[in-house]
Amino acid sequence: MAGVLLQVNDLKTHFYIAEATIKAVDGVSFDIGRAETVALVGESGSGKSVTALSIMRLVPYSGKVVGGQVLFNGEDLLHISEKMMRTIRGRHIGMVFQEPMTSLNPVMRIGTQIAETLKVRLGMDEKAARQRVIELLRMVGIRDAEQRYRDYPHQFSGGMRQRGMVAMALSCSPEILIADEPTTALDVTTQAQILDMMTALARQMGTSVLLITHNLGIVARYADRINIMYGGKLVESGTSEEVFHHPKHPYTLKLLQCVPRIDRKRGQLSTT
């Protein structure tokens, strides 16, 4: 398919707990074009994050991808060696996880962690990596980057830690950025700042974005296309205009009713 960078076909990921089999991802298919932002939207437990982890081959031990394809530049990521997959993670596909405090090493300085990515993935020496990290910290809006380079994660606010994670994920100029609930636990103002910064940098670098969120209101401003996920399946897909103005699935309608609107009274639900 011309212009498609990532194509997910009939992806199935199951978790095996005691006697039960949980179909967390059950036949999901979508694609992402070059320099395109695609949203995956659904409530907690719908399978969004597991879809992202399946693409990256980072599904936890109790889970397993049992079917489907994940074609990146035409190559199925589910059937390449782990060694080759490690070269793709970070270098070609970056990821911003939900909670930066669980993703960042608490006993390593922020700058050192980002620099390590550059040294391992791009072969930079210490001096070049440090200069690049300081540049990245400035790009993501962290002031006094030279001083903050030496700070530990606990010395950063929640918004600053997430900015650091975006800097790390974009450090190698990946072709795709997967952002899994990148604004969780942040206030509304900081959410907007992080999303504006992240999507602007992605556009500048020509990086495609898979934006994963439970909040349909967030994606209106950023996504070119939207996929609605419920119970491990995609129930609706379309452009932002199609999904917001002509929703077809009852679940999409319910999600839209949860989006605050300034053109209706308090307590009044949307009839869109």
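The shown structure was predicted, so the numbers you read here are calculated from the model rather than taken from an experiment. (Residues numbered from 1 in each chain as written. Predicted model: local features only at pLDDT ≥ 70, side-chain atom pairs only at ≥ 80, totals over all residues. Heavy atoms only, no water.)

Colleague: Would you take a moment to explain the packing of helix α4 (residues 110-122) against helix α7 (residues 158-170) for this structure?
Modeller: For any two helices packed against each other, one specifies the crossing angle of their axes together with the interaxial distance. At their nearest, the axes of α4 and α7 sit 9 Å apart, and the two run at 10° to each other. Taken together, the axes of α4 and α7 are roughly parallel relative to one another. Here Gln113, Ile114 and Thr117 of α4 come into contact with α7, specifically with Gly164, Ala167 and Met168. Residue composition of the contact of α4 with α7, grouped by class: 3 nonpolar, 3 polar and no charged. (Axes fitted to C-alpha atoms, helices over the stretch in contact; angles between N-to-C directions. Helix = DSSP H or I, 4+ residues; strand = E, 2+ residues; numbered from the N terminus. Parallel < 35°, antiparallel > 145°, perpendicular 65-115°, else oblique. Contact = heavy atoms within 4.5 Å. Nonpolar A, V, L, I, M, F, W, Y, C, P; charged D, E, K, R; others polar.)

Colleague: What is the right way to look at the pairing of strand β10 (residues 233-239) in this model?
Modeller: Remark: a regular strand shows side chains that alternate across the two faces of the sheet. When strand β9 (residues 225-230) meets β10, the two strands line up antiparallel, connected through 6 bridges. Across the sheet, the residue bridging to asparagine 227 is serine 237, located in β10. Following β9, the chain reverses through 2 residues before pairing antiparallel with β10; glycine 231 in that reversal takes a positive phi of roughly 60°. (Pairing = 2+ DSSP bridges.)

Colleague: In this structure, what is going on with the environment of alanine 39? I would like to understand it.
Modeller: Checked against the element boundaries, alanine 39 lands in strand β3 (residues 37-41). On the basis of relative accessibility, which here comes to 0%, the residue alanine 39 falls in the buried class. Taking the C-alpha atoms as reference points, alanine 39 and isoleucine 226, 187 residues apart in sequence, are found 4.7 Å from one another. Contacts of alanine 39, omitting those with residues within four sequence positions, involve Leu211, Val219, Ala223, Arg225, Ile226 and Asn227. (Buried < 20%, exposed > 50% of the residue type's maximum accessible area, 1.4 Å probe, protein only.)

Colleague: How should the sheet that holds strand β1 (residues 4-17) be read in this particular structure?
Modeller: What links the strands of a sheet is backbone hydrogen bonding, and the strands pair in either a parallel or an antiparallel sense. The antiparallel open sheet is built from 4 strands, whose spatial order is β2-β1-β4-β5. The open sheet has two edge strands, β2 (20-33) and β5 (75-76), and neither has a second partner. Bridge analysis of strand β4 (residues 63-72) against β5 gives 2 bridges, and the strand direction is antiparallel. Across the sheet, leucine 71 pairs through a bridge with aspartate 76, a residue of β5. Contacting β1, β2 and β4, helix α1 (residues 48-55) runs over the sheet at an angle of about 110° to β1.

Colleague: Please explain the side chain of serine 171 as it appears in this structure.
Modeller: Assignment of secondary structure puts serine 171 in the loop between α7 and β7 (176-180). At 2.7 Å, the side chain of serine 171 forms a polar contact with the backbone oxygen of methionine 168. What serine 171 contacts, discounting residues up to four positions off in sequence, is Ile114, Thr117, Leu118, Leu122, Arg132 and Leu136. (Polar contact = N/O pair within 3.5 Å; in protein donor to acceptor, adjacent residues only side chain to side chain.)

Colleague: Explain the side chain of aspartate 26 here, please?
Modeller: Here aspartate 26 is to be found in strand β2. Separated by 3.0 Å, the side chains of aspartate 26 and lysine 233 make a polar contact. Once residues within four sequence positions are removed from consideration, aspartate 26 is found in contact with Leu11, Lys12, Gly232 and Lys233.

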